[in-house]
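Chain by chain, the residues run as shown.
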Protein chains: 2
Amino acid sequence: MKAAANGSDAKPNLTAEDWARAALEVMAAGGLDAVAVEPLARRLGVTKGSFYWHFPNREALLRAALERWERRETEEVLARVGDEPDPYARIVKVFKEANAGYRSGRLYLAIAAAEDNPLVREFVQRVSERRMQYLVQCYEALGFDATRAQHWARFAYATFMGNLQIRRDTPDLMPGGAPFNEYLKLMIKTLIPRSAADVTPVVEENHPHVVPLRRATDGT
Amino acid sequence: MKAAANGSDAKPNLTAEDWARAALEVMAAGGLDAVAVEPLARRLGVTKGSFYWHFPNREALLRAALERWERRETEEVLARVGDEPDPYARIVKVFKEANAGYRSGRLYLAIAAAEDNPLVREFVQRVSERRMQYLVQCYEALGFDATRAQHWARFAYATFMGNLQIRRDTPDLMPGGAPFNEYLKLMIKTLIPRSAADVTPVVEENHPHVVPLRRATDGT
DNA sequence: CTTGAGCCATACGCCCGCGTATGGTTACAT
DNA sequence: ATGTAACCATACGCGGGCGTATGGCTCAAG
């Protein structure tokens, strides 16, 4: 039986991976419901006959697409950060890279929007938790205790996610070029203290013009 | 022709508002595509016959629902902040209130997820820009210049939106109770400096912590 | 009592996506 | 050359949502 030689030849034959890739493409553009067999087949220049040869049903395609997404997502993160040893530089790097590209983020938003689908929810949860876990480790490497690292990681991750949302919903409110770099610098400076000592409330002697910040949160 | 006396009586008769409200409910749960005429009719205990009496087609329902959403959304914001004169307290208030409730945010995420629909996109853009504009004014009232206020407002808004997303996608990563209050406190402390002097690089001497406090609401 | 407007039910045709059945075409092996 | 497996096309039935046509019920006005 010889594995199908699905090289990059000029063979018009499709593979399951091709379908999964196409599924992710249309999903990024039109959401989960856009992943329909017949439209996808048209898009790929074939008919359903092809699809139901590679997959038993639509859900199998969904699963394949989500697996491809999860795989490439984690690979990407690891590729981004590389082997940066300094935790500060590591966070800066991952934050900048994450805010630079939009394709990946847009895809996440599209997938996460279908959280009612239990299959989707499962994948989104794993990917999201993995990202957060990574960030938490980074902040712990900066000297934060577990709780504070959790808070800062969540804070940074939320900011990143919100930026994605803003880019999608109101792109005119998200600057590009130099202003964006200024914005990025502000976020980095704010979200990534050089060490835990910079932010932990030092009750005794504190640095010059830091306002004590009255208790703003009262319990319910 | 006599206007329909659609009072709040115990009349089992449905009104267009009832349909719009129901549309928003299912939209929060199942996204835009969940707003289907027949399922909605079943949910309301009637049939399509009723729907096509109140609306010419599905798009009209969408529009009505979105208008209701936009209206209540802006009302809600104004109601939240009340007449708080201090800009610092104002931001704190709106940020805390916004992060407290989840229903409203979940609805936003569901609606914004259907940004491919031009009608939806129009409403989402307006609502989102209005929120941002309000935040920008708050930060300007804190003493920031236009550019910096923009940056901080976007920063804060992104964080808020990201928190929503995290709550939806990975609720176990978003704490509740005391830890959440700690988290909130951290964000507020970080995102809302008491005055611009605390964060702007002091190029020339500036006044201590004086808040200019100029009116934040200007009519168009 | 009759009329008419408001409100809804029923029934129909249409489109479109899912899944299946089945047949056709290409390529490779023997 | 012939069988076989990979790959795809064609055709069908089904479900379900949209929109329309039309008829029934209710209540208030006259």
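Quantities reported herein were computed from a predicted structural model and do not represent experimental measurements.

(A) Local environment of the protein's contact with DNA strand D. Of all residues adjacent to DNA strand D, which total 22 residues, the nearest are A:Leu14, A:Thr47, A:Trp53, B:Val37 and B:Lys48. Within 4 Å of the protein, the contacting atoms of DNA strand D are 59% sugar and phosphate, with bases supplying the remainder. Taking A:Asn13, its side chain carries an N or O atom lying 3.1 Å from a sugar or linking oxygen of DNA strand D. Note that a phosphate oxygen of DNA strand D is positioned 3.0 Å from one of the side-chain N or O atoms of B:Tyr52. Going through the elements one at a time, α3 (48–54) of chain A together with α2 (37–44) and α3 (48–54) of chain B are the ones with two or more residues in the surface near DNA strand D. Broken down by element, the surface near DNA strand D gets its largest block of residues, 5 residues, from α3(A). Along the lines of polarity and charge, the residues of the surface near DNA strand D split into 9 nonpolar, 7 polar and 6 charged.

(B) Here's a closer look at the confidence of the model for chain A. Residue and element names in this part refer to chain A. Summary statistics for chain A give a mean pLDDT of 85 and a share of 83% for residues scoring 70 or more. Within chain A, the lowest mean pLDDT, 91, falls on helix α5 (residues 87–100), and the highest, 97, falls on helix α8 (residues 146–169). Here residues 1–11 scores under 50 on pLDDT; set against residues more than four positions off or in separate chains, the count is 2 contacts. Confidence drops under a pLDDT of 50 for residues 202–220, and excluding neighbours within four residues, the segment shows 19 contacts in the predicted structure.

(C) The relation of the copies chain B and chain A, seen in detail. Relative to chain A, chain B is turned by 180 degrees and slid 0.0 Å along the rotation axis, the superposed coordinates differing by an RMSD of 0.0 Å. Expressed as a symmetry operation, the mapping of one chain copy onto the other fits a two-fold axis. The residues that chain B uses at the interface reappear at the interface of chain A in 81% of cases, marking a shared surface.

(D) Examining the side chain of A:Glu70 more closely. Tracing the backbone shows A:Glu70 in helix α4 (residues 58–81). Those residues in contact with A:Glu70 that sit more than four places away from it in its chain are A:Phe123, A:Arg126, A:Val127 and A:Arg130.

(E) Expanded view of the interface of chain B and chain A. Of the residues lining the interface, 52 residues belong to chain B; the matching set on chain A comes to 52 residues. Buried surface at the junction of chain B and chain A, both sides included, amounts to about 4500 Å², of which 61% is carbon and sulfur. It is B:Arg154, B:Phe155 and B:Leu173 that lose the most area in chain B upon contact with chain A, and together they represent 14% of the buried surface on that side. Remark: the boundary between chain B and chain A carries 4 salt bridges. Taken together, chain B and chain A are joined by 11 residue pairs in polar contact (both at pLDDT 80 or more). Those elements that provide at least two residues to the side of chain B that touches chain A are α5 (87–100), α6 (103–112), α7 (118–141), α8 (146–169) and α9 (178–191) of chain B. The leading source of residues in the side of chain B that touches chain A is α8(B), at 14 residues.

Cut-offs used in this document
- Residues numbered from 1 in each chain as written.
- Chains lettered and ligands numbered in written order.
- Predicted model: local features only at pLDDT ≥ 70, side-chain atom pairs only at ≥ 80, totals over all residues.
- Heavy atoms only, no water.
- Near = heavy atom within 4 Å.
- Polar contact = N/O pair within 3.5 Å; in protein donor to acceptor, adjacent residues only side chain to side chain.
- Helix = DSSP H or I, 4+ residues; strand = E, 2+ residues; numbered from the N terminus.
- Nonpolar A, V, L, I, M, F, W, Y, C, P; charged D, E, K, R; others polar.
- pLDDT = per-residue confidence, 0-100.
- Contact = heavy atoms within 4.5 Å.
- Least-squares fit on C-alpha atoms with pLDDT ≥ 70 in both.
- Buried area = accessible area lost by both parts, 1.4 Å probe.
- Salt bridge = Lys/Arg side-chain N within 4 Å of Asp/Glu carboxyl O.

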